[in-house]
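Geometric and topological summary
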Amino acid sequence: MADALSVIPASVLRNLSDKLYEKRKNAALEVEGIVKQLALSGDHEKISAVIKLLAKEFTYSPQANHRKGGLIGLAAATVGLTSEAAQHLEQIVPPVLNSLSDQDSRVRYYACEALYNIAKVVRGDLIIFFNQIFDALCKLSADSDANVQSAAHLLDRLVKDIVTESDQFSIEEFIPLLRERMNVLNPYVRQFLVGWITVLDSVPDIDMLGFLPDFLDGLFNMLSDSSPEIRQQADSALSEFLQEIKNSPSVDYGRMAEILVQRAASPDEFTRLTAITWINEFVKLGGDQLVPYYADILGAILPCISDKEEKIRVVARETNEELRSIKSDPAETFDVGAILYIARRQLDSEWEATRIEALHWISTLLDRHRAEVLCFLNDIFDTLLKALSDSSDEVVLLVLDIHACIARDPQHFRQLIVFLVHNFRVDHSLLERRGALIIRRLCVLLDAERVYRGLSTILEGEADLDFACIMVQALNLILLTSSELSVLRELLKQSLVNAAGKDLFVSLYASWCHSPMAILSLCLLAQAYQHASAVIQSLVEEDINVKFLVQLDKLIRLLETPIFAYLRLQLLEPGRYIWLLKALYGLLMLLPQQSAAFKILRTRLKTVPSHSFNGDQLKRASSGNPYSQILHYSGSQITEDGNVRQDNGNLQNGINFASRLQQFVQMQRQHRMLEKSQEQSQARSSSTLSKGQKQKNPGDLKHPTQTCLLQDHPEEAWGNCQIN
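Under an unreviewed UniProt entry, the name given to the chain is Vacuolar protein 14 C-terminal Fig4-binding domain-containing protein, and the organism recorded is Gossypium raimondii. Comment text from UniProt for the chain, heading Subcellular location (unreviewed entry), reads "Endomembrane system". Recorded in UniProt under Sequence similarities (unreviewed entry), the annotation for the chain is "Belongs to the VAC14 family."

1. Describing the packing of aromatic side chains
Taken as a whole, this structure holds 21 aromatic pairs when the rule is applied. With 5.6 Å between their ring centres and 80° between their planes, Y109 and Y110 make a pair best called edge-to-face. Plain terms: the ring middles of F169 and F174 are 5.8 Å apart, the flat faces sit at 50° to each other, and that makes the pair tilted. Assessed through its relative accessible area of 14%, F169 is described here as buried. Feature note: the residues F130, F134, F169, F174, F192 and W196 constitute an aromatic cluster, connected by ring pairs. The ring of Y109 is capped by R106, whose NZ or CZ atom sits 4.9 Å from the centre of that ring.

2. Regarding the pattern of salt bridges
Any two side chains of opposite charge can pair, on the condition that their charged atoms come close. Enumeration over the complete set of coordinates arrives at 31 salt bridges. For R67, the salt bridge is made with D102, and the minimal N-O distance between the two is 2.8 Å. On the criterion of sequence distance, the pair formed by R67 in helix α5 (residues 64–81) and D102 in the loop between α6 (89–99) and α7 (105–122) is long-range, its members being 35 residues apart. Taking the relative accessible area as the measure of exposure, R67 reaches 9% and is therefore buried.

3. Some details on α5
Here α5 spans 26 Å end to end across 18 residues, near enough to the 26 Å set by a 1.5 Å rise per residue. Most of α5 sits inside the fold, with 14 of its 18 residues counted as buried. Downstream of α5 by one or two residues, T82 has phi in the positive range, about 50°.

4. Thoughts on the state of the cysteines
Tallied over the full model, the rule gives zero disulfides. Not part of a disulfide, C523 finds its nearest cysteine sulfur in C513, a span of 9.0 Å. C523 gets classed as buried once you look at its relative accessible area, which sits at 0%.

5. Topic: unusual backbone geometry
Despite not being glycine, D447 has its phi angle at roughly 85°, a positive value. With respect to the helices and strands, the residue D447 is situated in the loop between α24 (428–446) and α25 (448–460). One non-glycine residue, Q527, lies in the positive phi region at around 60°. Within the fold, Q527 resides in the loop between α29 (516–525) and α30 (529–538). Note on Q527: relative accessible area 16%, which makes it buried.

6. Overview of the packing of α24 against helix α26 (residues 465–481)
For the pair α24 and α26, interaxial distance at closest approach is 10 Å and the crossing angle is 35°. As for the relative orientation of α24 and α26, their crossing is right-handed in sense. Where α24 approaches α26, its residues H428, L431, G435, A436, I439 and R440 are matched on the opposing element by F467, I470, M471, A474, L475 and I478. Of the residues belonging to the contact of α24 with α26, the class tally is nine nonpolar, two polar and one charged.

7. What about empty space enclosed by the protein?
Any space left empty among the atoms is revealed by the rolling of a water-sized probe across them. Taken as a whole, this structure holds five cavities of 30 Å³ or more when the rule is applied. Taken as a whole, the largest cavity encloses approximately 170 Å³ of empty space. Lining the largest cavity are 16 residues, with P516, N545, K547, Q668 and E675 sitting closest to its centre. The greatest single-element share of the lining of the largest cavity, amounting to four residues, is contributed by helix α36 (residues 657–687). Across the lining of the largest cavity, the residue classes break down as four nonpolar, seven polar and five charged.

8. Quick word on the UniProt feature "repeat: HEAT" (unreviewed entry) in the chain
According to UniProt, the positions carrying the feature "repeat: HEAT" (unreviewed entry) are residues 92–127. The annotated region residues 92–127 carries 72% helix and 0% strand content, and the separation between its end C-alpha atoms amounts to 14 Å.

9. Topic: the environment of F241
Within the secondary structure, F241 sits in helix α13 (residues 228–247). Assessed through its relative accessible area of 1%, F241 is described here as buried. Once the C-alpha coordinates of F241 and D201 are considered, the two residues, 40 residues apart in sequence, prove to be 8.6 Å apart. Beyond its immediate stretch of four places on either side in the chain, F241 contacts I197, D201, M208, L209, L212, F215, L219 and W278.

Basis of the calculations
Residues numbered from 1 in each chain as written. Predicted model: local features only at pLDDT ≥ 70, side-chain atom pairs only at ≥ 80, totals over all residues. Heavy atoms only, no water. UniProt positions renumbered as here; feature names shortened; annotations may be inferred. Phe/Tyr/Trp six-rings, centres within 6.5 Å; stacked < 30°, edge-to-face > 60°. Buried < 20%, exposed > 50% of the residue type's maximum accessible area, 1.4 Å probe, protein only. Lys NZ or Arg CZ within 6 Å of the ring centre and 35° of its normal. Salt bridge = Lys/Arg side-chain N within 4 Å of Asp/Glu carboxyl O. Helix = DSSP H or I, 4+ residues; strand = E, 2+ residues; numbered from the N terminus. Expected span 1.5 Å × (residues − 1). Disulfide = S-S within 2.5 Å. Axes fitted to C-alpha atoms, helices over the stretch in contact; angles between N-to-C directions. Left-handed = near helix turned anticlockwise from the far one by under 90°. Contact = heavy atoms within 4.5 Å. Nonpolar A, V, L, I, M, F, W, Y, C, P; charged D, E, K, R; others polar. 1 Å grid on protein atoms, 1.4 Å probe; cavity = no way out; pocket = protein on both sides within 12 Å on 5 of 7 lines; lining within 4 Å. Points joined across faces, edges and corners; volume = space filled by probe spheres on them.

Right, dumping it as structure tokens:
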């Protein structure tokens, strides 16, 4: 300290701390001259003493004017040292850096000015302090004082020039510093950071692309900044990096893919578009590198397919198709389970387009990696069944395609049918809204006979008799009306002359017993008219209720459709089809005379020609057990109408109709017992109602599906009951 005082006059030191800038400036010029002379003489000890004096007594002084003087003095000393300043930087720069964060804005301003002047002298030698300078400049870029900001910008430009021309700059040491600040929200800091990224990326010797994953997320974060200028700068930087990626032979796609996946879900539209655009390019360029990230990428793409912005939807769809076109081997880190998980999760999306694409992915995986997908079947099966209740018909059809693909294996077919019946049981609305669509589509995809046999087997032993009745009625209506089941209907028409038809008839009969009208429909379809008449005769008083009449109304109307055209034509030969005539008259007798169905059927029967049969035929048909009669027509013996063959009275064409009738009667007895039990239970419940509350008549208590009333317009009466 004494050496410094001996070379610097007291007046200079006094003026260096003066409140007037001009006096401080003049004093600094004198310090510059003194240091220059000491440098020429090579007296670096005294130079060090002078620098120490300026730092300790001035820059660290509690007096602001002293600190200002010390800063301008250190800058002057550096100028005086010129080329020899580098060896004293360890003394000169730290006090200046400390002053950059001074509480006094004027001191911060002079610190920027001092460091600027020092940097102009030492240039590349200042690189050893780069991280500290960068940290200080980052803070000063958002300084509350406009003058300090301006000074910091000037210093920043100079430091950038120094870095771009220096071969000592360490990008490895700089990146952690950059990464720490990339998520700062201050707009001035963001501009500062983007500026540095752009400058460093322009330097050929600095590989910023290799460190892109470290600050990519921060750049994407800036795309949603409120300042258009910052958004534009960030977008420009990202566009430049994307172009470099396209031209680079070696890129770390994996780490960046993780960032892009998160940004694709950003609430900001521009950020989502940029992220999905990057993902699109990555899928095209990444190749095998991206295989472990396919599931994550898919999780980002699928929601964007339904984005409100059309540009995003277009890019997302293109990316989705590109990703699906890549064929990877599960042995090569291709995780089928992870992709299935993503697809399953997206089936809960509120957007139809996303759900559809998720199903396309499951279908694609089934096609390419069937064995692996079936290993995860338990994880996705319930979700796929739930999707059958989807509001979109297209979604339901795709789900059915997947189910059909899975059900090619017998064990999975059984599982599908069991789960399907279970879902119909627990969710009656599914049966009402989607039942026909589901059954018809499965019949197309899996063979109608196989589907109906499977359903019949399950319903035969169904414990919930009410549900079994509803389900059988639905299946019967589909069987009678759907074009997809025309082959099945033709096979059933041959039940009395064809072994395959007989086998199908017997297979369906057991479950069809749950519904009298379903059995009658089946018999009429199979041309088992004698048995149909026997079924009608077996009905008892309890069977003739509103539910029965509604179903009978449906049947009468179906008899007028093209499906039963053959039956109506057979009425032209009543002598040959006497049991058909008797069955139809039996149905007529069950209908209320004022109902529309009665009028329809009576009108039809009035058209039957009377000259085709005689009284003896009617007498034989009307006497005793219908199975004890063997009608004679044209010299041949027939059992069921129109089928020329003779067997014993109860076993016709291998079908034991007497046994079938007994099976039907027993099943209907179980249904009647259940209804009585329900009525008694409801009666007991009603008896507990408070006094004065209106009691329900047990006779009025019906199954929920019996709310339809038989009217002159049966379409209205059972419109809510039919399966569309």
